[in-house]
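Observations on the three-dimensional arrangement
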Amino acid sequence: MFDSMNPVFRNPVGAVPAGQTIHFKINPPRGLRCSAARTEILCDQTGERVTLGMFWCGMDGDDREWWECDFQVPAAGLYFYHFSLETGRGAVGLFRAPNGGGKSTLAGAGAPWQITAYSPELKTPDWLAGGVIYQIFPDRFYSSGTPKSAVPADRRMHAAWTEEPEWRPDEKGEITNSDYFGGDLRGIEEKLPYLSALGVTCIYLNPIFEAHSNHRYNTADYEKIDPLLGNEADFVSLCRAARRSGIRILLDGVFSHTGSDSVYFNSLGRYAPDGACQSRQSPYAGWYEFTSWPGVYKCWWGIKTLPNVRETEPTFNALINGPAGVVRKWLALGAAGWRLDVADELPDAFLDALHEAARAEKGDALVLGEVWEDASNKAAYGQRRRYLLGGQLDSVMNYPYRAAILGYLTGRPAEEAMEVFLSVVENYPPQALRLLMNHIGTHDTERALTLLGGMALDGRGRAWQSSARLSPEERGLALLRLRLAAAVQFTLPGVPCIYYGDEAGLEGCRDPFNRRTFPWGREDRELTEWYRALGGIRASCPCLKEGAFYPIAAEGGLLAYCRQDTTGALLCAVNRGPERRTLQLEERWSAARVLLSSGGRQTRPAASKLWLEGNSCILLYLEPD
């Protein structure tokens, strides 16, 4: 009776600018004897409910009829809707079913459809669309071997690049993350040719500012490069060299908390004695919330070394977002944008100010947030967030796609993955959709290869994880599956993000085993070539930039979809099951050419039928008519 993703029933489909008029049509069967129909709409931000009467507008054949109405979206925000019908059976509600379809019920309750209405002025940077992101954990990517100065003496350097990260607690029973391998900014610059060959157009760097841990999420000084990574000149050099290679640098902004061992808090007395922990007259005292000064204070997830900040406290906000602030300084020195750590813990006013500061410094600066859920309707700390409606985040990390891809390839039905794909396509503004950071692993998750090999952690601790490795049989299956995962990752709406070393075959459970050093000289070269081929496809197929997404098949282990615009169409088909599957296609695909295949030697579909071996995928490309 209704399909929210079909313009016959809802036009236009997907997220819309405020002020847009949406035309709704439903198609009940004649036998239902419908005498009246209404569209029921809830405005999420005001709580106002709107009821629109629908008009009978004709028959659809002999057994169905059409009812329709228009709704003009009054303002940016979220709207939730369903339909109610008066019928010969009584009152019938029409609610959302999987993939945007409609489900009728006499109970009068169900899941509504969502309308995302964004600001008509919403604009996101063009430079990332159609590209490839590469995430680097700086200490573990590559070391140039350049001598460094002013490195704190309490840092422990590993003797060899191939050693395991330290995971054992120290003599106090604390995990300090104070072991280092010496990866640096000059090392990243030396490897730009490698990254360029992968098709990378953006490098996302985990934090690079001075901090006293290898992950550097406990910032000590926002205005200095960590001395083990290099200096400001090295950063400028990296940004310039990257731009010459067609690559931009995205920085990690950690603004919901600082380190306790920092210029600002100074719990260990490392810095000048005016930290918030030492003096109530400190210029930083108002940044933190003490319940019993100086030892009891609010901190991030209860971690004492990460004291929370009041982001909207005027002096903190000025340091980060002011005319001479951190956001603008590093953009002026060459960065292309910011990825915001725990964006859902940053207040709206702070995000507004940060976005304004970034755009004031650089008109095409990217502001991308870490959000683990559906960012279009995320609620945090008791309020609905407006990340993607304009003036805050350009886009987000796409954890829903990660869960869908890995779940599908390890046994969940393709129907579930398709539902996630379509829900994101429907709910996200197109300006944000095209820039989604589509990853299948990060520094916060297990390595994709480990999960795809079927390794279950089951609550096992670090001692077990430190020695956990896939068996040869498990690794062989994982490598097959990783090729399929990457093919999907590179062809869905958004921008694929490679976590350093995934393309080289790195395994690893949770932190710190997902942060091992890059295996230079020991890479899985066939896997790396697969990623290079996908990077080439991204560069050569414009339809992957902003092309529409059309589902073709989602049945058990079989998944297929198409990306299409006026320049051409690309089809991605995956069979994660062990047996050969056949996919029936439209006649037009018989003229397509194979861009990449992980199973068999097909050159094109035969009579519109495509066969896929077990654990294989194929990418087809069709030129426009």
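See the structure shown above.
Residues numbered from 1 in each chain as written. Predicted model: local features only at pLDDT ≥ 70, side-chain atom pairs only at ≥ 80, totals over all residues. Heavy atoms only, no water.

This paragraph deals with the overall build of the protein chain. Along the backbone of the protein chain there are 14 helices and 34 strands. At 26 Å, the protein chain has a C-alpha radius of gyration in line with the 25 Å of a compact globule built from 625 residues. When the backbone C-alpha atoms are referred to their principal axes, the protein chain occupies close to 85 × 60 × 45 Å. Scored against the burial criterion, the 625 residues of the protein chain give a buried share of 58%. Put simply, of all contacts in the protein chain between residues at least 6 apart along the chain, 70% involve residues at least 24 apart. With 66 positive and 75 negative side-chain charges, the protein chain shows a separation of 2 Å between the mean positions of the two kinds. (Helix = DSSP H or I, 4+ residues; strand = E, 2+ residues; numbered from the N terminus. Rg over C-alpha atoms; globule rule 2.2 N^0.38 Å. Buried < 20%, exposed > 50% of the residue type's maximum accessible area, 1.4 Å probe, protein only. Contact = heavy atoms within 4.5 Å. Lys, Arg positive; Asp, Glu negative; His and termini not counted. Charge placed at Lys NZ, Arg CZ, Asp CG, Glu CD.)

What follows is about the sheet that holds strand E15 (residues 202-205). Read across the open sheet, the 8 strands follow the order E25-E22-E21-E18-E15-E12-E27-E26; overall the sheet is parallel. Here the strands that pair on one side only, and so sit at the sheet edges, are strand E25 (395-396) and strand E26 (437-439). Two strands pair when backbone bridges link them, and strand E12 (residues 133-136) and E15 are joined in this way by 4 bridges, in the parallel orientation. Bridging across to E15, Tyr134 finds its partner in Ile203. Strands E15 and strand E18 (248-253) of the sheet are contacted by helix H3 (residues 232-244), whose axis makes an angle of about 135° with E18. Helix H12 (residues 472-491) contacts E26 and strand E27 (495-499) of the sheet and is inclined by roughly 140° relative to E27. (Pairing = 2+ DSSP bridges. Axes fitted to C-alpha atoms, helices over the stretch in contact; angles between N-to-C directions.)

Applying the stated rule across the entire model yields 46 aromatic pairs. Taken together, a centroid distance of 6.1 Å and an interplanar angle of 75° make the contact between Phe490 and Tyr531 edge-to-face. Pair noted here: Phe490 is in helix H12 and Tyr531 is in helix H13 (residues 525-540), with a separation of 41 residues, a long-range link. If you follow Lys191 out to its NZ or CZ, it ends over the ring of Tyr142, 4.5 Å from the centre. (Phe/Tyr/Trp six-rings, centres within 6.5 Å; stacked < 30°, edge-to-face > 60°. Lys NZ or Arg CZ within 6 Å of the ring centre and 35° of its normal.)

Of the pairings in the sheet, the one linking strand E4 (residues 36-43) to strand E5 (residues 49-53) comprises 5 bridges and is antiparallel in character. Directly across from Thr39, in E5, lies its bridge partner Leu52. In textbook terms, the turn of a hairpin is the stretch between consecutive antiparallel strands, and for E4 and E5 this stretch comprises 5 residues, one of which, Gly47, has a positive phi near 80°.

This part is about unusual backbone geometry. Across the chain, the bulk of peptide bonds are trans and the bulk of non-glycine residues have phi less than zero. For the bond from Asn11 to Pro12, the omega torsion is 5°, close enough to zero to count as cis. Looking at the secondary structure, you find Pro12 in the loop between strand E1 (10-11) and strand E2 (16-17). Although it is not a glycine, Val342 adopts a positive phi angle of roughly 35°. Here Val342 is to be found in the loop between strand E21 (337-340) and helix H6 (348-361). Positive phi, normally seen in glycine, also occurs at Asn615, with a value near 50°. Along the polypeptide, Asn615 turns up in the loop between strand E33 (609-612) and strand E34 (616-622).

What the 5 strands build is an open sheet, ordered E28-E29-E30-E34-E32; its pairing is antiparallel. Strand pairing shows two members of the sheet lacking a second neighbour, strand E28 (548-555) and strand E32 (593-597), which therefore form its edges. With direction set aside, neighbouring strand axes in the sheet form an average angle of 15°. Here 4 bridges tie E32 to E34, and the two strands are oriented antiparallel to one another.

Let's shift gears to the pattern of salt bridges. Per the stated rule, a full pass over the model turns up 46 salt bridges. Where Arg156 meets Glu166, a salt bridge forms, and the shortest distance between an N and an O atom there is 3.6 Å. Residue Arg156 is located in strand E13 (residues 156-157), and its partner Glu166 is located in the loop between E13 and strand E14 (179-180); the two are separated by 10 residues in the primary sequence. On the basis of relative accessible area, Arg156 is assigned to the partly exposed category, the value being 38%. Given the relative accessible area of 28%, Glu166 is considered partly exposed. The partner of Asp511 in a salt bridge is Arg515, with the nearest N and O atoms 3.5 Å apart. A relative accessible area of 23% places Asp511 in the partly exposed class. Look at the salt bridges and you will find they share partners, linking Lys123, Asp126, Arg434 and Glu546 into a network. (Salt bridge = Lys/Arg side-chain N within 4 Å of Asp/Glu carboxyl O.)

To characterise two packed helices, one gives the angle between the axes of the helices and the distance between these axes. Orientation of H12 relative to H13, taken along the N-to-C sense of each, is 15°, at an axis distance of 10 Å. Looking at the two axes, H12 sits roughly parallel to H13. The hand of the H12/H13 crossing is right-handed. Residues Leu479, Leu482, Arg483, Ala486, Ala487 and Phe490 of H12 lie in contact with H13, whose contacting residues are Glu526, Leu527, Trp530, Tyr531, Leu534, Gly535 and Arg538. Classifying every residue of the contact of H12 with H13 by side-chain character gives 9 nonpolar, 1 polar and 3 charged. (Parallel < 35°, antiparallel > 145°, perpendicular 65-115°, else oblique. Left-handed = near helix turned anticlockwise from the far one by under 90°. Nonpolar A, V, L, I, M, F, W, Y, C, P; charged D, E, K, R; others polar.)

The quantities given are spatial measurements derived from coordinates; they are silent on function.
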